[in-house]
Every structure is written in C-alpha cells, then in structure tokens.
Amino acid sequence: SAKAAGKRQWCHYQPALQAGLVERHELNENLDTAIAESAFKLYYQPIVDLASGALVAFEALVRWPHDRRGMVLPDEFIALAEESGQIVPLGAWVLERAAQEAAAWHRLSAEPRLARGLPPLRVNVNVSARQFRDAGFVDVVRGAVRTSGITPDVLVLELTESVLMRRDERVHTDMRTLSELGVGIAIDDFGTGYSSLSYLREFPISILKIDKSFIDGLGLSQQQYALVEGITRIADTLGVQVIAEGIENTEQRDLLAAMGCPLGQGYLFAHPLTPDQARRLITDHSPITTPAPHRT
Ligand code: C2E
Ligand code: MG
Ligand code: MG
Ligand code: MG
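Just so you know, these numbers come straight off a predicted model, no measurement behind them. (Residues numbered from 1 in each chain as written. Chains lettered and ligands numbered in written order. Predicted model: local features only at pLDDT ≥ 70, side-chain atom pairs only at ≥ 80, totals over all residues. Heavy atoms only, no water.)

(A) Structural detail: the overall build of the protein. From N to C terminus, the protein includes 13 helices and 9 strands. Expressed as a percentage of its 296 residues, the buried residues of the protein come to 45%. Carbon and sulfur atoms provide 53% of the accessible area of the protein, an area that totals close to 15,000 Å². (Helix = DSSP H or I, 4+ residues; strand = E, 2+ residues; numbered from the N terminus. Buried < 20%, exposed > 50% of the residue type's maximum accessible area, 1.4 Å probe, protein only. Areas by Shrake-Rupley, 256 points an atom, 1.4 Å probe, with all protein chains shown as cover.)

(B) Spotlight on the coordination of the magnesium ion (ligand 2). Surrounding the magnesium ion (ligand 2) are the protein donor atoms Glu59 (OE), Asn126 (OD1), Glu158 (OE) and Asp188 (OD), at 2.0 to 2.2 Å. The sequence pattern describing where the donors of the magnesium ion (ligand 2) fall on their chain is E-x66-N-x31-E-x29-D. (Donors = N, O, S within 2.8 Å, 3.2 Å for Na, K, Ca; no water.)

(C) Local environment of the nonpolar core. In this structure, Phe40, Leu155 and Leu256 are the most contacted members of the largest nonpolar core, which totals 80 residues. The element that contributes the greatest number of residues to this core is helix α4 (residues 87–115), accounting for 10 residues. The contact partners of Leu155, leaving out residues within four places of it in the chain, are Leu95, Val123, Val125, Val141, Val145, Ile150, Val183 and Gly184. Counting 8 residues, the second largest nonpolar core, distinct from the first, contains Val56, Ala57, Ala186 and Ile243. (Core = buried A, V, L, I, M, F, W, Y, C linked by side-chain atoms within 4.5 Å. Contact = heavy atoms within 4.5 Å.)

(D) Inspection of the packing of aromatic side chains at higher detail. All told, the structure shown has 9 aromatic pairs when counted by the stated rule. Ring geometry for Tyr199 versus Phe203: centroids 6.3 Å apart, planes at 45°, classification tilted. Residue Tyr199 shares its accessibility class with Phe203, and that shared class is buried. Grouping aromatic residues by their ring pairs yields a cluster made of Phe40, Trp64, Phe77 and Trp93. Geometry around Tyr43 places Arg63 over its ring, the cationic atom sitting 5.5 Å from the centre. (Phe/Tyr/Trp six-rings, centres within 6.5 Å; stacked < 30°, edge-to-face > 60°. Lys NZ or Arg CZ within 6 Å of the ring centre and 35° of its normal.)

(E) Molecular detail of the packing of helix α6 (residues 137–148) against helix α8 (residues 169–181). In contact at an axis separation of 10 Å, α6 and α8 are set at 10° when each is read in the N-to-C sense. As summarised for this structure, α6 and α8 are arranged roughly parallel, according to the angle between their axes. Along its contact with α6, which presents Phe137, Val138, Val141 and Arg142, the element α8 presents Asp174, Thr177, Leu178 and Leu181. Here the contact of α6 with α8 is composed, by residue class, of 5 nonpolar, 1 polar and 2 charged. (Axes fitted to C-alpha atoms, helices over the stretch in contact; angles between N-to-C directions. Parallel < 35°, antiparallel > 145°, perpendicular 65-115°, else oblique. Nonpolar A, V, L, I, M, F, W, Y, C, P; charged D, E, K, R; others polar.)

(F) Representation of the site of ligand 1. Of all residues adjacent to ligand 1, which total 23 residues, the nearest are Arg63, Asn126, Asp188, Glu248 and Tyr267. Contacts to ligand 1 include Gln45, whose side-chain N or O atom sits 3.1 Å from a nitrogen atom. Compared with its free state, where it exposes 810 Å², ligand 1 has 83% of that area covered by protein. Listed by contribution, the elements that provide at least two residues to the shell around ligand 1 are β2 (55–66), α4 and β6 (184–190). The element best represented in the shell around ligand 1 is β2, accounting for 4 residues. Broken down by class, the residue content of the shell around ligand 1 amounts to 9 nonpolar, 5 polar and 9 charged. (Near = heavy atom within 4 Å. Polar contact = N/O pair within 3.5 Å; in protein donor to acceptor, adjacent residues only side chain to side chain.)

(G) How the structure looks around the pairing of strand β8 (residues 241–244). When strand β7 (residues 207–210) meets β8, the two strands line up parallel, connected through 4 bridges. Counted as the bridge partner of Lys209 is Ile243 from β8. Bridge count between β8 and strand β9 (residues 263–264): 2 bridges; the pairing is parallel. The residue bridging Ala244 from the neighbouring strand is Gly264, located in β9. Considered for its hand, the β-α-β crossover made up of β8, helix α12 (residues 250–258) and β9 is right-handed. (Pairing = 2+ DSSP bridges. Right-handed = clockwise from strand over helix to strand, strands pointing away.)

(H) The pairing of strand β1 (residues 41–49), seen in detail. Buried residues dominate β1, accounting for 7 of its 9 residues. Here β1 pairs with β2 via 8 bridges, running antiparallel. By the bridge assignment, Ile47 is partnered in β2 with Ala57. Counted along the chain from β1 to the antiparallel partner β2, the turn is 5 residues long, and its residue Gly53 has a positive phi close to 80°. Pairing of β1 with β9 involves 2 bridges; the strand directions are antiparallel. Across the sheet, the residue bridging to Asp49 is Leu263, located in β9.

Functional significance is not addressed by these values, which are geometric in nature.
Right, dumping it as structure tokens:
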C-alpha cells in the first residue's frame, strides 16, 4: 500500500523510525503477556434488519486495554499479531469468548425472541488469513461451538478476500468442512480487494459485507448507488445475505432499505458496545432505531 511504501522510504537515521521499532518491539512483548493473561476485551456492534430495525446479530470487535496507551484498537495490533503468529492464540480466544457471549444472549432473550418467531441472535467473528491457514483452525471453531453450547448456525466467520485469493486445496477443504459443520461464512470489506463475484460461486459464502467506502458514496454518486444495488441483487439471487457496513446517516439507511438490502451496521444504529451494554440492548426488546420507510 501507499502507506507501507511511504514507511519504507524513511532514511536510516530518522528518530521517528527508531521510536517506531522500539514501540513495535515493546508492543509485541506486551501482546505476549496480554495473550497469556487474556487481557483483551470484546466489544459488540449491532447488525440490524434495515426494514424493521430489529437486532439480528452482533459483530465481535477486539480491543486491548493498555496501561499507558488506553484502549488500543485492532488496527494498531492485529497486523503485528498476524506477522508474529500471535493472532493464532488471540483469535482462538476471540472465538471462544464470542461464542460464550452469544450463549449468554440466548439465555437472556430466548423466550421473547421465540415468541415473536425470531431466530437466535448470531455472532460475527473476524478471522485473519494467517489464523485461517493455521492447521488447528477448524478444530478451534468446533471447540468454540461445542463448549459454548450454541448451535453452529449462530456463528458467522468474517473472512477477507485475502483468504479466498489463495486458491489452494486446503482453503477449499476447510471451507467445505466449516460449511458442513453449519457455521456461516461472510466475506468482509467486499469491494476493497479484487471483489470477485466468482467467490460466491466458488466458496460456500452465506453473507457478503459491502465495505463502508461504498456506503459513504451512496447518496452522492449515481454510479456508487448502481454498484451497491447491483451487488445486492446478484447476492440475493445467489441466496447470499448482504450486510451494508458503516451506515452513518438515515439517508444511506433509507436508500439501502429501498433497494432491498436486508441488513446493516454502523454508527447510525450503534457504536461497538461493551458486553453489558449489548446485553441491555437485548433485554430492552425494542428496535434500535425507527424502521426505514416501506420499500417502494
Ligand atoms: P471490520 O471487521 O470491517 O469491522 C468494522 C470496523 O468499522 C470496526 O472498527 C467498527 O468499529 C468500525 N465501524 C463500524 N461502523 C462504523 C461507522 O458507521 N463508521 C465508521 N467510521 N466506522 C465504523 P474496529 O473495531 O476498529 O476494527 C477494525 C478492524 O480490525 C475490523 O474491521 C477487523 O478487520 C479487525 N478486527 C477487529 N476485531 C478483530 C478480531 O477479533 N480478529 C481479527 N482477526 N480482526 C479483527
Ligand atoms: Mg468484520
Ligand atoms: Mg468490514
Ligand atoms: Mg474493515
């Protein structure tokens, strides 16, 4: 990326680079300790049905409370953890914690949701390429499902295109195993990579998450609108559910609902919530926002 290329151009004696390396080293050591002590926190961001405003799922998003740095966001440590391989134990912890939290939601919400004919709340978990490639990954998923007691269809694994681009046999086999197990598979940040719609045919994908960069331009550009509408139509035809990411205003929400995009996520509805806040949202039983106007 341009950012990485820019970094490589720093000359050797730049104090900033020096500080960067020290920080990196320190962060890596801290990360080891944090993994050993399970010192991470999961936040949960609601995913809602755009037509009704009903809560259908939460995406688990990891945070790292750090003594001096405050709450460190994943963009600052996931890449590091991928490079070092630390993402494997960290990712396993995330999967297990998220599955257990989902089981707790079901204990809170089972009766009212069932009474209204609603399926159990799902939990979406981000999985990095390095983590997916690890030989133990499928067993970690199986273990998280079994230990928590959730049904496999409650769990959705969010993969980026970097996983699907490697068309080796292992990726296909593991995808098939996971899909037969019954867990959902989502493509995250769709539109930022090669965005090949052939992934939908080649892999057992159940959900497509359209990247925020497309949603940003919805009300501003006819082309952007047409693109999102087209992707939504094709996905729908193939039986793939669409989640629009990064919805920040009602105009975007209304345009998406009008084109038939079923699900959305973004600051308009809620920021990532603490586990307590998420549980309170479940026990409130009310839609997150007023529903979008009816489809025309
Ligand atoms: P992502 O999976 O695409 O998650 C969505 C990110 O967008 C989250 O940032 C979320 O807080 C943010 N977001 C949601 N709605 C809005 C909005 O309306 N406006 C804006 N500006 N942002 C919004 P977050 O939590 O900082 O996570 C960043 C990325 O870190 C995630 O992107 C994901 O790729 C990665 N990540 C997070 N948790 C994990 C994890 O447990 N494992 C792995 N491997 N990656 C993770
Ligand atoms: Mg995600
Ligand atoms: Mg995303
Ligand atoms: Mg992202």
